[in-house]
Amino acid sequence: QVQLVESGGGLVQPGGSLRLTCAASGVTLDYYAVAWFRQAPGKEREGVACISSSDDSTFYVDSVKGRLTISRDNAKNTVYLQMNSLKPEDAAVYYCAADIFGPCGWESSEFDYWGQGTQVTVSS
């Protein structure tokens, strides 16, 4: 029984910060690549950040580099997404996803488990 639960979303002004949390149960995330995806109204879901299982290497899409940071705390079986310098275009529902079989990638079909999502709103 695997469950991923995102939390930490909310309303923030442009330039502000949020920290999203992905808490896992029924699975040990040490063995998984974990990614954050987002989906805004009228747009397809896109991967924005990923952390590998092998060496904790991190990967980001160009639009979030330098602003978003993914990390994991294995003792808590949790992955985080620190979001700084937020822009209105960052507003979306953010999902965490876990992939046991491969390295980080941006294709949603690669991932075995998904959370329910948490809403991030960026507005003045």
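Residues numbered from 1 in each chain as written. Predicted model: local features only at pLDDT ≥ 70, side-chain atom pairs only at ≥ 80, totals over all residues. Heavy atoms only, no water.

Novice: Looking at this structure, how should I read the side chain of Arg72?
Specialist: With respect to the secondary-structure elements, Arg72 resides in strand S7 (residues 68–73). A distance of 2.9 Å separates the side chain of Arg72 from the backbone oxygen of Tyr32, its partner in a polar contact. (Helix = DSSP H or I, 4+ residues; strand = E, 2+ residues; numbered from the N terminus. Polar contact = N/O pair within 3.5 Å; in protein donor to acceptor, adjacent residues only side chain to side chain.)

Novice: Would you mind going over the sheet that holds strand S3 (residues 18–25) with me for this structure?
Specialist: Backbone-to-backbone hydrogen bonds join strands into a sheet, with any given pair of strands oriented parallel or antiparallel. Taken in spatial order, the four strands make up an open sheet running S1-S3-S8-S7, and their pairing is antiparallel. The open sheet terminates on both sides in strands that have one partner only, identified here as strand S1 (3–7) and S7. Averaged over neighbouring strand pairs, the angle between their axes works out to 15° when direction is ignored. Across six bridges, the pairing between S3 and strand S8 (residues 78–83) is antiparallel. (Pairing = 2+ DSSP bridges. Axes fitted to C-alpha atoms, helices over the stretch in contact; angles between N-to-C directions.)

Novice: Before we go on, may I ask you to explain the nonpolar core in this structure?
Specialist: Within the largest apolar cluster, 30 residues are counted, with the highest numbers of intra-cluster contacts made by Leu29, Trp36, Val48, Ile70, Leu81, Met83 and Tyr94. Counting residues per element, the ones that place at least two in this core are S3, strand S4 (33–39), strand S5 (46–51), S7, S8, strand S9 (92–99) and strand S11 (118–122). Once you skip the residues sitting within four places of it in the chain, Leu29 turns out to touch Leu4, Ala24, Val34, Arg72, Asn77, Thr78, Val79 and Ala98. By size, the runner-up hydrophobic cluster in this structure holds six residues, among which are Phe37, Cys50, Ala97 and Phe111. (Core = buried A, V, L, I, M, F, W, Y, C linked by side-chain atoms within 4.5 Å. Buried < 20%, exposed > 50% of the residue type's maximum accessible area, 1.4 Å probe, protein only. Contact = heavy atoms within 4.5 Å.)

Novice: How should I be thinking about the state of the cysteines in this particular structure?
Specialist: The full count for this structure, using the stated rule, is two disulfides. Cysteines bonded in the protein chain are numbered consecutively along the chain; their disulfide partners then correspond to 1-3, 2-4. (Disulfide = S-S within 2.5 Å.)

Novice: Explanation requested: the packing of aromatic side chains in the structure shown.
Specialist: For any pair of aromatic rings, geometry is given as the distance between the ring centres together with the angle between the planes. According to the stated counting rule, one finds four aromatic pairs in the structure shown. Note on Phe37 and Trp114: the rings are 4.9 Å apart at their centroids and 50° apart in plane angle, and the pair reads as tilted. With Phe37 in strand S4 and Trp114 in strand S10 (residues 113–114), the pair connects residues that are 77 residues apart, well separated along the chain. Judged by relative accessible area, which is 0%, Phe37 ranks as buried. Taking the relative accessible area as the measure of exposure, Trp114 reaches 26% and is therefore partly exposed. When the ring centre of Tyr80 is taken as origin, the NZ or CZ atom of Arg19, which lies over that ring, is 5.5 Å away. The ring of Trp114 carries the charged tip of Arg45 above its face, separated from the ring centre by 4.9 Å. (Phe/Tyr/Trp six-rings, centres within 6.5 Å; stacked < 30°, edge-to-face > 60°. Lys NZ or Arg CZ within 6 Å of the ring centre and 35° of its normal.)

Novice: Where do I start with unusual backbone geometry in this structure?
Specialist: Leaving glycine aside, a negative phi is the common case for residues, and trans is the common case for peptide bonds. Not every positive phi belongs to a glycine, and Asp56 is a case in point at roughly 60°. Mapped onto the elements of the fold, Asp56 is located in the loop between S5 and strand S6 (58–60). Residue class for Asp56 comes out partly exposed when judged on its relative accessible area of 37%. Phi angles above zero are rare outside glycine, and Ser85 is one such case at about 50°. In this structure, Ser85 sits in the loop between S8 and S9. A relative accessible area of 40% means that Ser85 is categorised as partly exposed.

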